[in-house]
Each structure stands twice: as C-alpha cells, then as structure tokens.
Amino acid sequence: MTPKFGSGNQQHKPQLPAKGSSGQTPTEGGKHAAATSGLVRKDVPSKNPMAVEEGDKPIFGDIPKENLEEALAEVDAALEQNPDDKELHIRKYRILRKSNDRPAMRAALQQAARVCGDSFFGVKLAEALEEEGSFTKALEWRRWVAQFTPEDPETIRRLAATAVRAGALKTAEVSYTKLLELRQSDEAPLGGTFYEEMLGKGLETEKRIQLHQMGIRLLAKALETRADSPTLLDSAARLSYRVKDMDAARLFFERSLKTNTDHKNARQWKVELLRVYSNKGMVKEWRALNDSMIAELKEYVKTYRGDTRAWQILTGQLIQAGEFDEAIHYLKEALLSDSKNAQALWELGRLYVRMGRSQDAVDYYEEIINDPNEKKSVRRAIERALADLFFKLGRYREALAIYDRDPEGNLRMIAPIYEAVGDLAEAEKLYVKSVKQAPRDARCHLGLAEFKVRQEDWATAAEAGREGLRCSYANEEVHSNLAVALATALMKMGQVEDAFKTMEEICEAYPDSIHQVFRKVKLMVRQGRKEEALELAEEVRTQAEHQTGCAPASSALWSLLGDCCSLLGNIGAAEEAYTNALRYDFMDSVAVRGLGMVAEKRNDLRRALELYQRFVVLDPLNLAVPTIKGRIEELVEKVGPLPVPETAEEAADTMSSQEEAWTPPARPETPEPAPAPPPAPQPKPKPQPPPPPPDSSTPEGWMGTGEVDWYQQ
C-alpha cells in the first residue's frame, strides 16, 4: 500500500498533536540534538526579532518593553471573555515573544491552536520548536498544519525540511515527492534550500548517508522533466561532490555551465568545477579553466568595479596559481573600489607575510590608518586587520595596544595574547569571560577548548569542544578545530573510540577536506590499525599531489603532503614538500616543524633543535607545542642550548634567509596530466617502501617522540 502523504509508513488521521507536544523531547533518532555527544551542528535559521509578519504590522505591535506585564494581564482578561478570539491570541503570542518567555509562548500557541483551530498558531509553534532544536515535536505540528492546506507547496516544503531535521527520512521523501507533483511547472520544485537540507547537519552518520542517497534519488526524478534547471543541476553537482562521486559532479557542473551560460551562479560553478578537476588530478583542464576565468574576470572588473565577489574570485584564483605579485595588484584595486572589503584587507596582509614582506603589509595598513581623508569606519576596520597581523608576527604589545581600544569587544582576540606571553591566569579569565559574553559564538568555545588542551585539562577541554559544536553556525576551520580539540581530549582520557568517531563525523561533514582524513589516519595508527592507516595515508598523499599540481601555491597542501610522506617513510619526498611549503609561505609553522622532524630522523640534532624552537615561536598556541617543547628539552640536553628567535617575524626571517628566495613557479607551456612540478625542485629520491608504523612501546615514533602527534593543526 502506498503510504499516505506526510506520514511515512503510518496512516495519519487529522488531529492535534498530543498534549505536551511543545516540550523538549527526544528526536526520532533517540536523542535530543542538544544533548548528543560528539558533533552536533544545528541548521536552524535565526529569526530576526525586527522582522515583519502578515501585512505591514510589526511583530510586537507598539507595546513598550516596560509595559509588557500590564499588556499581558490586559490580553488575558480579554481572553477570559472571548477565548476563541484569534487576534487576542496573536497579540498574546507577540507579547510573550517580546518578553522572551519561550515556555509561556509555546504554551500560549498550543492553547490557541486547540481553541481556534487555526494553522497560523501551528506554524509559529513549529518554528519556535525548531529554533530550540526540538525537531520531532516541530514535525508533529507541521503535520497538523498540513491538514488545512495539503496542496499548498510551501506548507509541504516546510514539512519535508522539518522531517529531515527530525531524522524522519521516510516522511521527508514522501513529502518531497508530493512537492514534485505540486510544482510540476517550477524550475526549482524542491526549493532553493534543498541542498542545504540534504547536508543533514546534526544527524548521526548513518542517517546522514541515507539522507544523501535520498537527495540524489529526488534530484534524479526532478531532472527527468527539468533537464536544464540550473537550481537542480547545481544541487545535483554539489551533492555528488559531497558523496565523492567526482565523475557525476563534473558532468553536472559542466552541464550547468553549458546550458545556463549567463546564470548568476555560473562563476561559482566554475570555482566548484576547478575543485573537482583538482580532486581528480586533471591538471590540464584545471589550468585551462583557471586561466580563462582569470582573463574573463580581469575584463569584467574593469567595468563592474563594485562587484566584491568578482574581486574575491579573481584574487583567489591568482593566489592559487602562485601569481602573488599580480594578486597584490588586484587586491589593492579591489580596496580602491571598496575600502571596506574585509576579505581583500585580510588577503593582502596575509599575502605579504607569506612572501616574507611583512613590513610592507604593516606600512600599507598604517598608511591608510594615518590618512585623514579616509573614513573613520574604514580606518577602524584596517586597525583590526593590523592587530591580527601584529599577533601573527609575534608583536604582541602592538597587537594588544589596538585590541585594548575596545577590550570588551575583543576578548576573544586578547586572551591568546596573554597566553602567548605566559600570563596563563589572565588568559584563562579572558577565555572564560568571552564564552559567557557570547555563548553562541563557536569561536569563543574554540579558544577555551584549545587553551584547556594545552593545559592538559582534558575534561574541561572536552566540554568546551562539545559546547562549541552545539553552536548553530561555524565555518569549516572553526568546526574542524573544535572537533580536533574534542577528539584530543577524548583520546587523552582513554576514550579512543569516541575520539575516532568524532573525527569520522568531521570527515563526513567535510568530505573534500583531505586534512581531516589525515587526522583520522593518525588516530588509526594510535588504535593499532596500521595497515588501514597506511592505505588511507597513501590515498591522502595521492590527493595532495593532485591538488598541489593544480593549485601549487597552497602551503597547507604541501605541508600535508610532507606529513603523508613522513608517515609513509619517504623522508626525501617529505623534505621536498615541506621546503616547497615554505617557498609559498615563510611562516608555515607546520612545514618548519616537519623539517625539524626530518632533521631529527637524519640525526642532525642541532638542526632539529633550531627548527623546533622556531616552530614554537612561530605558532605558540598550536596544539602540538607541548609535545615539541618536550623534544626541545631533550635535544638541549644532547647538543646544548641554541639562540631562540624573539618574535615570529624573526623566526620567519631567519628561516627564509636559509632557503632560496621566493620566486613564482615556472609553468610549462603544455601542461601534462601528471601533477605540475614544484618551483625550484630538489632532486626527488626514488620511492621507498614504507616501513611498518612504530609500535607505541618503542621510543621512536614517526614524529621522533614515541607518541603519535595526530592532532596537528
């Protein structure tokens, strides 16, 4: 029997949800989202308290905040006389919402729905429950609302999306299928947010995989009658990429570009297609598309100088290709077009530092700050960028002087300065205060979690990591680093399986990030799963080679390649990769540490000590610092003390003086399918079979410490 629409496998009689459905109860998966251990990321849109609802009436009417109690008493009295007056119930809901009394607001909405039998109250109650993460109860109210308008596409779309968040995938698929029937003539029948809904944030891994498969089935069905729909093709391409079907992703992106040449997202599709080419090692195709994009954008920004996104893509592609000087030119042009372009400000300073020209960045920022004709808002934005740069360079006093102009607003940035200079008590106080000040900011939780990891307070670190992962929104860097801090703490507390599960979930959340996969590799070594670890490390190494061949200027990829080669026992290839990383970024601390590991393996202990000391100065808050400091102490006993750079800037300058001067990579006239050679390569040794991974009982691990430092930043 075909299941009745909106009910999964069960027949559903029109009725109100059970009494008490507005409370906080477990999801269909068995756990409430906010209480789940490991990675939990809610995908719930925040409601704007100043939004406007039906008509032009403000949500909260004209009730002053100080008169809310009086207004509530008045509306309650009126409801005693007219208990089924819809307008009075709406007014009570708005008063309670403005009072931020959410339990009372939910109760009022539920009562209004029962008395008035109006779908308006069910919609508002479902929204409130979703905001609080109670998706199963929200789904019950979405079903109730659908009784009133079972043929309304927007009602069905909301029901489907809520079913996804509740993990009720059968209900979701039935609902989306119904939506395809209702929107037969629409270009985007599944809705503009379908791809985001298919990400399954907050779901367990198995459910998330089932959701991806469901999404692909629905998209295939939708494309049968809308073969050229840009929205559907975009979702199909990105979801295919998500499940690592690179061939399908490539075909969908190429089809999108062929059939929708002038679409507003065409440029972004090209960026995504470049990622697919890079992942597959298609160097020739990558370079051809990248060069054509750069040429196209150079012409475009001559006319459309206010298009910030176009400037970002242009400069990003130039940087990826290693065209640093040209990228600097266009970053400055972008700032002339829009002096508030924060991304261009950050990229410009970062690029100068990568090239070993940090003082040029400082001079450029200070020139703008001291320009009396520049707007005050612009000068303040650049002051923040300059403070970030000073911190990166180890010029803490100068960074603090800027942050202290607004100490309450900059707690998250000030705390690391005190930690870096050794004032741990003040640092801890500020980390804790920043979390209390902004409990929904994942970055604040990350700062506290990493601080506690460095202090070896594993229980507190784990709790801070979990709290950060519960925050609704975080970019990949913050999200993955929170997972690393949590997994580190779990591992140190002996909960290795939970730590591994955490890293598996982060790999699922970001399937195209080979950095996350390599972190899982190191955990597998820790678990004794040596053969699996080596096999997966070889896959990561291959991917890193593909990607450095397409985008050679990524120092992070070169460092990752070095780590893979080191783990696999190919020390010569590791040294080459780390050296290339430093040619593209003089301050790449991971590469400096990697070269230290290579030197130690070759028994060049003075060189290893020198590099380890530079690493600690370059990146004093890296989670690997405690381990490396232990190695420094041991090496000092063996070879004696060596001079220590005072600042990160000095450490980078010393490092760069011993390497060849930076030059852009020479690109061959006719690209080959194989990865492009790195700039000024050293002779590459023949591949050597990897030795078996070290046993944890031996004194020499692959990092030369006896302990696998898997939580590398």
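The residue count restarts for each chain, going from 1 along the sequence in the order it is written. Only residues with pLDDT of 70 or above have their local features reported here, since the model is predicted, and side-chain atom pairs are shown and tallied only from 80 upward, although totals for entire chains, interfaces and linings are computed over all residues. Side-chain calculation: all heavy atoms of the structure are included, whereas hydrogens and water are not.

### Things to note about the overall build of the protein chain
Strands are runs of DSSP state E lasting at least 2 residues, helices are runs of H or I lasting at least 4, and numbering of each runs from the N terminus. Counting its regular elements, the protein chain contains 33 helices and zero strands. Considering the protein chain as a whole, with its 713 residues, one finds that 53% of them fall into the buried category. Contact criterion: two residues are considered in contact whenever any of their non-hydrogen atoms come within 4.5 Å of each other. Contacts spanning at least 24 positions in sequence make up 62% of the contacts within the protein chain whose residues lie at least 6 apart. As displayed, the protein chain has an accessible area near 32000 Å², and 50% of this comes from carbon and sulfur atoms. For every residue, the accessible area (1.4 Å probe, protein chains only) is compared with the maximum for its type, and the residue is labelled buried under 20%, exposed over 50%, or partly exposed between those bounds. The Shrake-Rupley method, run with a 1.4 Å probe sphere, supplies the accessible areas, and residue values consider only the shown protein chains as cover.

### Looking at helix H1 (residues 68-81)
For a helix, the expected span equals 1.5 Å multiplied by the residue count minus one. With 14 residues, H1 should reach 20 Å at 1.5 Å per residue; the first-to-last C-alpha distance of 20 Å fits that figure. For H1, the set of buried residues is Leu68, Ala71, Val75 and Leu79. Taken end-on, H1 shows its buried residues confined to a sector of 75 degrees, consistent with a single buried face. In H1, those exposed residues whose orientation departs by more than 90 degrees from the buried face are Glu69, Glu70, Glu74, Glu80 and Gln81. Against the buried residues of H1 lie helix H2 (86-99). For this quantity, the arc is that covered by the directions from the helix axis to the C-beta atoms.

### Topic: the packing of aromatic side chains
In this scheme Phe, Tyr and Trp rings, the latter by its six-membered ring, pair at centre separations within 6.5 Å, and the angle between planes marks the pair as stacked below 30 degrees, edge-to-face above 60, and tilted otherwise. Here the structure, examined in full by the defined rule, presents eleven aromatic pairs. Either the NZ atom of lysine or the CZ atom of arginine qualifies as a charge over a ring when it sits within 6 Å of the ring centre and within 35 degrees of the ring normal. In this structure, Arg267 packs its charged tip against the face of Tyr300, placed 4.3 Å from the ring centre. Against the face of Phe615 rests Arg593, its NZ or CZ located 5.7 Å from the ring centre.

### Regarding helix H15 (residues 324-337)
Its 14 residues give H15 an end-to-end C-alpha distance of 20 Å, which sits within 8% of 20 Å, the value for a rise of 1.5 Å per residue. Burial in H15 covers these residues: Phe324, Ala327, Ile328, Tyr330, Leu331, Ala334 and Leu335. Elements that come into contact with the buried residues of H15 comprise helix H13 (283-303), helix H14 (308-320), helix H16 (342-354), helix H17 (358-369) and helix H29 (571-584).

### Here's the deal with the environment of Pro511
Relative to the helices and strands, Pro511 is located in the loop between helix H25 (496-509) and helix H26 (514-526). Residue contacts for Pro511: discarding those within four places in its chain leaves Arg242 and Lys244.

### Quick look at the packing of H13 against H14
Taken N-terminus to C-terminus, the directions of H13 and H14 make an angle of 140 degrees; their axes are 9 Å apart at the nearest point. In terms of orientation, H13 lies oblique with respect to H14. Crossing hand, H13 versus H14: left-handed. Counting all contacts with H13, which are made through Trp286, Asn290, Met293, Ile294, Leu297, Lys298, Tyr300 and Val301, the residues of H14 involved are Ala310, Trp311, Ile313, Leu314, Gln317, Leu318 and Gln320. Lines are fitted to the C-alpha atoms to define the axes, a helix being fitted only along its stretch in contact, and any angle between axes, read from their N-to-C directions, falls within 0 to 180 degrees. Orientation labels follow simple angle bins: below 35 degrees gives roughly parallel, above 145 gives roughly antiparallel, 65 to 115 gives roughly perpendicular, and whatever is left gives oblique. Crossing handedness is read from the near helix: turned anticlockwise from the far helix by less than a right angle, it gives a left-handed crossing, and turned clockwise, a right-handed one.

### Examining unusual backbone geometry
Located in the positive-phi region is Asn100, a residue other than glycine, with phi close to 60 degrees. Assignment of secondary structure puts Asn100 in the loop between H2 and helix H3 (102-116). Taking relative accessible area as the criterion, Asn100 reaches 58% and is therefore assigned exposed. Located in the positive-phi region is Glu456, a residue other than glycine, with phi close to 60 degrees. For Glu456, the position within the fold is in the loop between helix H22 (442-454) and helix H23 (458-470). Residue classification places Glu456 among the exposed positions, given a relative accessible area of 51%.

### Things to note about the nonpolar core
In globular proteins that are soluble, nonpolar side chains generally tend to be buried together. To form a nonpolar core, buried Ala, Val, Leu, Ile, Met, Phe, Trp, Tyr and Cys residues must be joined to one another through side-chain atoms within 4.5 Å. Core analysis: the biggest nonpolar cluster contains 192 residues, and Tyr176, Leu190 and Met214 have the highest contact counts within it. Here this core takes ten residues from helix H24 (residues 476-492), the largest share from any one element. In this structure, Val123, Ala128, Leu129 and Trp141 belong to the second largest nonpolar core, which totals 19 residues.

### Regarding the packing of H15 against H16
Packed helix pairs are characterised by how far apart their axes lie and by the angle those axes make with each other. Relative orientation of the contacting elements H15 and H16 amounts to 155 degrees, with a least axis distance of 9 Å. Taken together, the axes of H15 and H16 lie roughly antiparallel to each other. Here H15 and H16 pass one another in a crossing that is left-handed. For the pair H15 and H16, contact is made by Phe324, Ala327, Ile328, Leu331, Lys332, Ala334 and Leu335 and by Ala344, Leu345, Glu347, Leu348, Leu351, Tyr352 and Arg354, respectively.

### Examining the pattern of salt bridges
Every case where a carboxyl oxygen of Asp or Glu lies within 4 Å of a side-chain nitrogen of Lys or Arg is listed as a salt bridge. This model, assessed by the stated rule, comprises 45 salt bridges. For Glu173, the salt bridge goes to Arg217, with nearest N and O atoms at 2.8 Å. On the criterion of sequence distance, the pair formed by Glu173 in helix H7 (residues 169-182) and Arg217 in helix H9 (residues 205-223) is long-range, its members being 44 residues apart. A relative accessible area of 44% means that Arg217 is categorised as partly exposed. Here Arg267 ties to Glu296 by a salt bridge, and the two come within 3.9 Å at their closest N and O atoms. Here Arg267 is found in helix H12 (residues 266-280), whereas its partner Glu296 is found in helix H13, with 29 residues between them in sequence.

### Concerning the environment of Ala608
Locating Ala608 in the fold gives a position in helix H31 (residues 605-618). Spatially, the C-alpha atom of Ala608 lies 7.5 Å from that of Leu595, the residues being 13 residues apart in sequence. Apart from the residues within four sequence positions on either side, Ala608 is in contact with Gly596, Ala599, Glu600 and Leu635.

### As for the confidence of the model for the protein chain
The pLDDT score gives, residue by residue, the confidence of the prediction method on a 0 to 100 scale. The share of residues in the protein chain with pLDDT of 70 or more is 82%, and the mean pLDDT across the chain is 81. Note on residues 1-14: pLDDT under 50 across the span, and 28 contacts to partners over four residues away in sequence or across chains. Here residues 23-61 is modelled with pLDDT under 50, and outside its nearest four sequence neighbours on either side it reaches 93 contacts, counting other chains as well.

### A few points about the side chain of Arg242
Turning to its location among the elements, Arg242 is positioned in helix H10 (residues 230-242). Arg242 sits in the buried class, given a relative accessible area of 14%.

### Some words on the state of the cysteines
A pair of sulfur atoms, both from cysteines and within 2.5 Å, is called a disulfide here. All told, the structure shown has zero disulfides when counted by the stated rule. With no disulfide of its own, Cys444 lies 8.5 Å from the sulfur of Cys471, the closest cysteine sulfur.

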